[in-house]
Amino acid sequence: RLATIENYEEDGAALSRIAHYKIALQICAEHPLTGVGIGEQNYFTASTPFLRELDAEDIGGLVVHNSHLQMLVHSGIFAALIHLCLFAGAAWMMWRSSRRLARTHPGLEYYPRAIELSIIGYLAASVTQPRATFDFAYTVAMYAAAWYAIEKSLPPQTPAATPAQAIAPPPPMAAPLVEEASAGTTRLLGRRGQRTR
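Report on the accompanying structure. Each residue is numbered by its place in its chain's sequence as written, counting from 1. In keeping with the predicted nature of the model, local features appear solely for residues at pLDDT of at least 70, side-chain atom pairs appear and are counted solely at 80 or more, and the whole-chain, interface and lining totals rest on all residues. Just so you know, side-chain values use all the structure's heavy atoms and leave hydrogens and water out.

1. Details of the packing of helix α4 (residues 77-104) against helix α6 (residues 135-153)
Moving on, step 1. Here, axes are lines fitted to C-alpha atoms. For helices the fit covers the stretch in contact, and angles between N-to-C directions go from 0 to 180 degrees. Strands are runs of DSSP state E lasting at least two residues, helices are runs of H or I lasting at least four, and both sets are numbered from the N terminus onward. Where α4 meets α6, the axes come as close as 10 Å, and the angle between the chain directions of the two elements is 40°. Seen along the crossing, α4 lies across α6 with a hand that is left-handed. Of α6, the residues touching α4 (which contributes H83, L86, F87, A90, M93, M94, S97, R100 and L101) are A137, Y138, A141, A144, A145, W147, Y148 and E151. Crossings are assigned a handedness: left-handed for a near helix turned anticlockwise from the far helix by less than a right angle, right-handed for a clockwise turn. Should any heavy atoms of two residues lie within 4.5 Å, those residues are counted as being in contact.

Written out as structure tokens, the structure is:
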């Protein structure tokens, strides 16, 4: 879709998105704490006066094509910050987990890395798509929480031994001398003989 846009000023879809981005910020300025409420109809109603000011009523009935602005308009600044911190924090937690597991449990680091990349993909796509209510994104966030518990239950494991340590044979065991063994037997029999007498 982006490849078909040669000049955004002549592209209706691009202009409508930019206009709704500006309107969303204006609505947020009027309702910073609570927003206008969850639901697209609430945004349609709140955006109508701003669309009239811009003489752009023909682009009415469109949603904000940005999940972060969508959350900001629907629920206010605090909910938008929680929403952003939830996913950014989960991605950062999975990044740290993959680095730890690469050292302690080689081969398991791909699980948190996959969750991390999924969250980053969602955050990137949210810039141009209205996906604040996309339920699967919250499922991925729960994957991160579940993996955090799984990692805590893993047994501690040290890094693998170097090749030199792995190839080195074990030290030979010292065999007891025959003389010491026979002397010990003689002493034992001598004591028993004395007790018998």
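2. What about the packing of aromatic side chains?
Moving on, step 1. Note on aromatic contacts: the rings of Phe and Tyr and the six-membered ring of Trp form a pair at centre separations within 6.5 Å, being stacked when their planes are under 30 degrees apart, edge-to-face when over 60 apart, and tilted otherwise. Inspection of the entire model under this criterion finds five aromatic pairs.
Moving on, step 2. Where Y111 meets W147, the ring centres are 5.6 Å apart and the plane angle is 25°; that geometry is what we call stacked. Residue Y111 is located in helix α5 (residues 110-125), and its partner W147 is located in helix α6; the two are separated by 36 residues in the primary sequence.
Moving on, step 3. Among the residues examined, W147 registers a relative accessible area of 10% and is labelled buried.
Moving on, step 4. An aromatic cluster of at least three residues, connected via ring pairs, comprises F87, Y122 and Y138. Only protein chains enter the area calculation, which uses a 1.4 Å probe; residues under 20% of their type maximum are buried, those over 50% are exposed, and those in between are partly exposed.

3. Thoughts on the nonpolar core
Moving on, step 1. One finds I23, I27 and Y43 to be the most contacted residues of the largest nonpolar core, which totals 15 residues.
Moving on, step 2. Looking at this core, the elements with two or more residues in it are α1 (12-30), α2 (40-53) and α3 (67-75).
Moving on, step 3. Apart from the residues lying within four places of it in its own chain, the contact partners of I27 are V36, Y43, A46, S47, F50 and V73. Within this scheme, the nonpolar core is defined by two criteria: the residues are buried Ala, Val, Leu, Ile, Met, Phe, Trp, Tyr or Cys, and they are joined through side-chain atoms within 4.5 Å.

All we've got here are geometric facts, nothing functional implied.
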